[in-house]
Amino acid sequence: MTDRTTLLGRGFTWQQLQVGQRFRTFGRTVTEHDLMGFVALTGMQEPLFVDATHAGALGPRPVPGALTHALIEGLVLHGMAHGTGLALLETHIRPLAPVRVGDTIHAEIEVTDIRPTSRGGRAVVRSAVRVLNQRDEPVMDYDATRLIRGEDAT
């Protein structure tokens, strides 16, 4: 293998991104197993999430917004920042509608700002992320600020 061999699955360096650039993730169906595993891991033992017969104001089988965010971040990282993302610096999450067990979610991402750092071959990259369900209805918006490595960083 030579230095010119491209690593499959590697995310973008900050130099490969530009303000206004847009991406779309693959879809991900939220399962009962996802909900129960997340609730067990986080301790969010609310009847809203653990009682399948409970139908509150959000309707049947809603999932925590934090789970929606975590699933989408996995898709975003895998496609955009795998191996190049150094840190998630800040995020502002705005839930818009419930996500339920059985919904398939995906995200549309737009790069909104790129600021190279003064050292280290890195940049602070801001993105606007819109999460949509299988009917292309927006269910969450969030802004993410990440530290992304550059082509010359090790």
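Report follows, based on the coordinates. (Residues numbered from 1 in each chain as written. Predicted model: local features only at pLDDT ≥ 70, side-chain atom pairs only at ≥ 80, totals over all residues. Heavy atoms only, no water.)

## With respect to the pairing of strand β6 (residues 104-116)
Regular strands place side chains that alternate from one sheet face to the opposite one. Examined bridge by bridge, strand β1 (residues 22-24) and β6 share 3 bridges and lie antiparallel to one another. Bridging from a neighbouring strand, R22 pairs with E110 of β6. Summarising the sheet, strand β2 (residues 28-29) and β6 pair through 2 bridges and their orientation is antiparallel. Looking across to β6, one finds that T29 is bridged to T104. Sheet topology note: the β6/strand β7 (residues 122-132) ladder contains 10 bridges and is antiparallel. Paired with V111 across the strands is S127, a residue of β7. The loop that links β6 with its antiparallel partner β7 comprises 5 residues; one of these, G120, has a positive phi angle of about 90°. (Pairing = 2+ DSSP bridges. Helix = DSSP H or I, 4+ residues; strand = E, 2+ residues; numbered from the N terminus.)

## Observations concerning the packing of aromatic side chains
Counted by the stated rule, this structure contains 1 aromatic pair. Ring centres of F12 and F23 lie 5.1 Å apart, and the angle between their planes is 35°; this geometry places the pair in the tilted category. With a gap of 11 residues between them, F12 in the segment before β1 and F23 in strand β1 connect regions that are remote in the sequence. (Phe/Tyr/Trp six-rings, centres within 6.5 Å; stacked < 30°, edge-to-face > 60°.)

## A short note on unusual backbone geometry
Positive phi values are uncommon outside glycine, yet R61 reaches one of about 55°. Looking at the element boundaries, R61 is found in the loop between β4 (59-60) and α3 (65-81). The backbone of D136 shows a phi angle near 60°, a positive value even though the residue is not glycine. Examined against the element boundaries, D136 turns out to sit in the loop between β7 and β8 (138-149).

## Some remarks on the environment of M140
Along the chain, M140 falls in strand β8. The buried category is assigned to M140, whose relative accessible area is 2%. Separated by 57 residues in sequence, M140 and G83 have C-alpha atoms that sit 26 Å apart. Ignoring sequence-local partners within four residues, the contact set of M140 consists of G65, T68, H69, I93, R94, P95, L96, V129, R130 and V131. (Buried < 20%, exposed > 50% of the residue type's maximum accessible area, 1.4 Å probe, protein only. Contact = heavy atoms within 4.5 Å.)

## Re the pattern of salt bridges
Summed over all chains, the structure comprises 8 salt bridges. The salt bridge partner of E32 is R61, with a shortest N-O separation of 2.7 Å. With E32 in helix α1 (residues 32-42) and R61 in the loop between β4 and α3, the pair connects residues that are 29 residues apart, well separated along the chain. (Salt bridge = Lys/Arg side-chain N within 4 Å of Asp/Glu carboxyl O.)

## Quick notes on the side chain of T84
Tracing the backbone shows T84 in the loop between α3 and β5 (85-95). For T84, a relative accessible area of 0% corresponds to the buried category. In contact with T84, other than residues within four places in its own chain, are R10, G11, F12, T13, L147, I148 and R149.

Scope: geometric values only; no functional claims are made or implied.
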